Amino acid sequence: DAGITQSPRHKVTETGTPVTLRCHQTENHRYMYWYRQDPGHGLRLIHYSYGVKDTDKGEVSDGYSVSRSKTEDFLLTLESATSSQTSVYFCAISDGGAQSTNEKLFFGSGTQLSVL
Amino acid sequence: QQQVKQSPQSLIVQKGGISIINCAYENTAFDYFPWYQQFPGKGPALLIAIRPDVSEKKEGRFTISFNKSAKQFSLHIMDSQPGDSATYFCAAGEFGNEKLTFGTGTRLTIIP
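Novice: Explain the sheet that holds strand S1 (residues 4-7) of chain A to me, please; I cannot follow it from the model alone.
Specialist: Strand pairs in the sheet, formed through backbone hydrogen bonds, run parallel or antiparallel to each other. Residues and elements named next belong to chain A. Taken in spatial order, the four strands of this open sheet run S1-S3-S8-S7, and their pairing is antiparallel. Looking at strand neighbours, the two that pair on one side only are S1 and strand S7 (64-70), the edges of this open sheet. Looking at each pair of strands side by side, their axes are set apart by 15 degrees on average, direction ignored. Pairing of S1 with strand S3 (residues 19-25), which is carried by four bridges, proceeds in the antiparallel orientation. Pairing of Thr 5 across the sheet is with His 24, part of S3.

Novice: What is the right way to look at the interface of chain A and chain B in this model?
Specialist: It is common to report an interface's size as the accessible area lost on association of the parts. Counting residues at the interface gives 24 residues for chain A, matched by 22 residues for chain B. Together chain A and chain B conceal approximately 1,800 Å² of surface at their shared face, both sides included; 53% is due to carbon and sulfur atoms. Where chain A packs against chain B, one counts zero salt bridges. Scanning the region where chain A abuts chain B turns up two residue pairs in polar contact (both at pLDDT 80 or more). Per-class residue counts for the side of chain A that touches chain B are 10 nonpolar, 10 polar and four charged.

Novice: Looking at this structure, I do not really get the environment of Val 54 of chain B. What am I missing?
Specialist: Take Val 54 of chain B: it is sitting in the loop between strand S5 (45-50) and strand S6 (56-59). You can call Val 54 of chain B partly exposed: its relative accessible area is 37%.

Novice: What exactly am I supposed to notice about a nonpolar patch on the surface here?
Specialist: Residues and elements named next belong to chain B. Taken together, the side chains of Ile 18, Ile 20 and Met 78 define a hydrophobic patch exposed on the protein surface, amounting to about 240 Å² of accessible area. Checked against the element boundaries, Ile 20 lands in strand S3 (residues 19-25). For Ile 20, a relative accessible area of 36% corresponds to the partly exposed category.

Novice: Sorry if this is basic, but what is going on with the state of the cysteines here?
Specialist: The term disulfide refers to a covalent linkage connecting the sulfur atoms of a pair of cysteines. With the rule as written, the count across this model stands at two disulfides over all chains. Covalently, Cys 23 of chain A is tied to Cys 91 of chain A through a disulfide, its sulfur atoms 1.9 Å apart. Taking the torsion about the S-S bond as the criterion, the Cys 23 of chain A to Cys 91 of chain A disulfide, at about -70 degrees, is left-handed. You can see Cys 23 of chain A sitting in strand S3 and its partner Cys 91 of chain A sitting in strand S9 (residues 87-94), a full 68 residues away along the chain. Taking relative accessible area as the criterion, Cys 91 of chain A reaches 0% and is therefore assigned buried. Across the disulfide, Cys 23 of chain B is cross-linked to Cys 90 of chain B (sulfur-sulfur distance 1.9 Å). In this structure the cystine formed by Cys 23 of chain B and Cys 90 of chain B twists about its S-S bond by roughly -95 degrees; its chirality is therefore left-handed. Within this pair, whereas Cys 23 of chain B is found in strand S3, its partner Cys 90 of chain B is found in strand S9 (residues 86-93), the two being separated by 67 residues in sequence. The buried category is assigned to Cys 23 of chain B, whose relative accessible area is 2%.

Cut-offs and rules
- Residues numbered from 1 in each chain as written.
- Chains lettered and ligands numbered in written order.
- Predicted model: local features only at pLDDT ≥ 70, side-chain atom pairs only at ≥ 80, totals over all residues.
- Heavy atoms only, no water.
- Pairing = 2+ DSSP bridges.
- Helix = DSSP H or I, 4+ residues; strand = E, 2+ residues; numbered from the N terminus.
- Axes fitted to C-alpha atoms, helices over the stretch in contact; angles between N-to-C directions.
- Contact = heavy atoms within 4.5 Å.
- Buried area = accessible area lost by both parts, 1.4 Å probe.
- Salt bridge = Lys/Arg side-chain N within 4 Å of Asp/Glu carboxyl O.
- Polar contact = N/O pair within 3.5 Å; in protein donor to acceptor, adjacent residues only side chain to side chain.
- Nonpolar A, V, L, I, M, F, W, Y, C, P; charged D, E, K, R; others polar.
- Buried < 20%, exposed > 50% of the residue type's maximum accessible area, 1.4 Å probe, protein only.
- Patch = residues over 30% accessible without salt bridge, like charges linked within 9 Å, V, L, I, M, F, W, Y side chains within 5 Å.
- Areas by Shrake-Rupley, 256 points an atom, 1.4 Å probe, with all protein chains shown as cover.
- Disulfide = S-S within 2.5 Å.

Following this line, the structure appears as structure tokens:
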């Protein structure tokens, strides 16, 4: 998966606990994204980063925070997990943003998160 | 707010047949329309993409048809094979905006 590692691959947690998902890339790509995938909703952008310490919100950012202290790592944190955050979370990277001429997103293999 | 509407939600096609998935968008500023393919347990992967300066793009058995006036685009899979069974997502993006907006996905099953 294009040098992208997501960890953990599976996580079961309880409502109200904090959870951190990690995305690590070896491609030195500038842009990194966190999506969640849910039946009937497709892929929805949570947060993205366009450089170290540069992040912005996506369409479903409530309840999530992110950090990027190094080019290769992008962390997604659920401060207090809720059952509605049960989902499959995908990290994606790209070299030139979603709109450069030769751009494409490379996705990781996903993290299945269950909040009980 | 669903900016990219995808249909059908699921599709069953006989081997050798043509699979057609449709998407419609609302934002006229969109100028990049990719399709992603996802196999179970994997992340999506770019399949084919089109920009609005052309009405059709073909890569092997996969073709995107684009209708700018109707704000619609579709994926056609010719001679569909069991290995094409996957979930397909259309998406749309806007130049200068780093974000893609995805459709809700179509689960395609090719039966022998």
